[in-house]
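A structural walkthrough
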Amino acid sequence: MPISRLSGGEQTRLALCAAFMKRDHFLLLDEPDNHLDLDSRELLKNVLRDYPGTLMVVSHDEAFIEAVGVGQYLQL
């Protein structure tokens, strides 16, 4: 099945899976929790919480940022 036929949430999960498999040292995520169901959001929080590299996460969801455990954040 072509990726273009996947739902927004399925495309997001696929992109996140690909990013985590690269084992990069820096991840820049813009609203990574958009289009995800509740179970996927919880899984993403756990994966980001355990991520060994540097994260830069843009999110309007303050609870998501707190759950990920970002050490420093800028609130605008």
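This text gives an overview of the structure that appears in the document. All values reported here derive from a predicted model rather than from experimental measurement.

Some thoughts on the environment of L16
Its place among the elements puts L16 in helix α1 (residues 8–21). Among the residues examined, L16 registers a relative accessible area of 11% and is labelled buried. A sequence separation of 16 residues divides L16 from P32, and the C-alpha atoms of the two residues are 8.1 Å apart. Apart from residues no more than four positions distant in its own chain, L16 is found in contact with L29, P32, L36 and L44.

Some details on the packing of α1 against helix α2 (residues 38–49)
The N-to-C vectors of α1 and α2 enclose an angle of 15 degrees; their axes lie 12 Å apart at closest approach. Here α1 is positioned roughly parallel relative to α2, judged by the angle of their axes. Both α1 and α2 take part in a crossing whose hand is left-handed. Facing α1, whose interface residues are R13, L16 and F20, α2 presents S40, L44, V47 and L48. Grouping the constituent residues of the contact of α1 with α2 by class yields five nonpolar, one polar and one charged.

Focus on the pattern of salt bridges
The tally for this structure, following the rule as stated, stands at four salt bridges. A salt bridge links D33 to R41; its shortest N-O distance comes to 2.8 Å. When sorted by exposure, D33 lands in the same class as R41, which is buried. Of the charged contacts, one joins D61 and R41 as a salt bridge, the two residues approaching to 2.5 Å between their closest N and O atoms. With D61 in the loop between β2 (54–58) and α3 (62–68) and R41 in helix α2, the pair connects residues that are 20 residues apart, well separated along the chain.

What about α2?
Between its first and last C-alpha, α2 extends 17 Å over twelve residues, near the 16 Å set by a 1.5 Å rise per residue. Those residues of α2 not exposed but buried are S40, R41, L44, K45 and L48. Relative to the axis of α2, the buried residues are bounded by an arc of 140 degrees and lie together on one face. Turned more than 90 degrees from where α2 packs its buried face, D39 and L43 sit exposed. On its buried side, α2 packs onto α1, β1 (26–30), β2 and α3. With a side-chain oxygen lying 3.1 Å from the backbone nitrogen of D39, the N-terminal cap of α2 falls on D37.

The rules behind the values
- The residue numbers shown here count from 1 along each chain, following its written sequence.
- A pLDDT threshold of at least 70 governs which residues receive local features in this predicted model, and a stricter bar of 80 or more applies before side-chain atom pairs are shown or counted, although totals over entire chains, interfaces and linings include all residues.
- With hydrogens and water stripped out, all remaining heavy atoms of the structure feed into the side-chain values.
- Only DSSP runs of H or I reaching four residues or more are called helices, and only runs of E reaching two or more are called strands; each is numbered from the N terminus.
- Only protein chains enter the accessibility calculation, which uses a 1.4 Å probe; a residue whose area is less than 20% of its type maximum is buried, one above 50% is exposed, and one in between is partly exposed.
- Any two residues whose heavy atoms approach within 4.5 Å are treated as being in contact.
- Note on geometry: axes are lines fitted to C-alpha atoms, helical ones only across the stretch in contact, with angles between N-to-C directions running from 0 to 180 degrees.
- Each angle is binned into one of four classes, with values under 35 degrees roughly parallel, values over 145 roughly antiparallel, values of 65 to 115 roughly perpendicular, and all other values oblique.
- Should the near helix be turned anticlockwise from the far one by less than a right angle, the crossing is left-handed, and should it be turned clockwise, the crossing is right-handed.
- When residues are sorted by character, Ala, Val, Leu, Ile, Met, Phe, Trp, Tyr, Cys and Pro go into the nonpolar class, Asp, Glu, Lys and Arg into the charged class, and all the rest, Gly among them, into the polar class.
- Every case where a carboxyl oxygen of Asp or Glu lies within 4 Å of a side-chain nitrogen of Lys or Arg is listed as a salt bridge.
- By definition here, a helix of n residues has an expected span of 1.5 Å times n minus one.
- For this quantity, the arc is that covered by the directions from the helix axis to the C-beta atoms.
- Any N or O atom pair separated by 3.5 Å or less is treated as a polar contact, with the protein-specific requirement of one donor-capable and one acceptor-capable atom, and with residues adjacent in sequence counted only for side-chain atom pairs.

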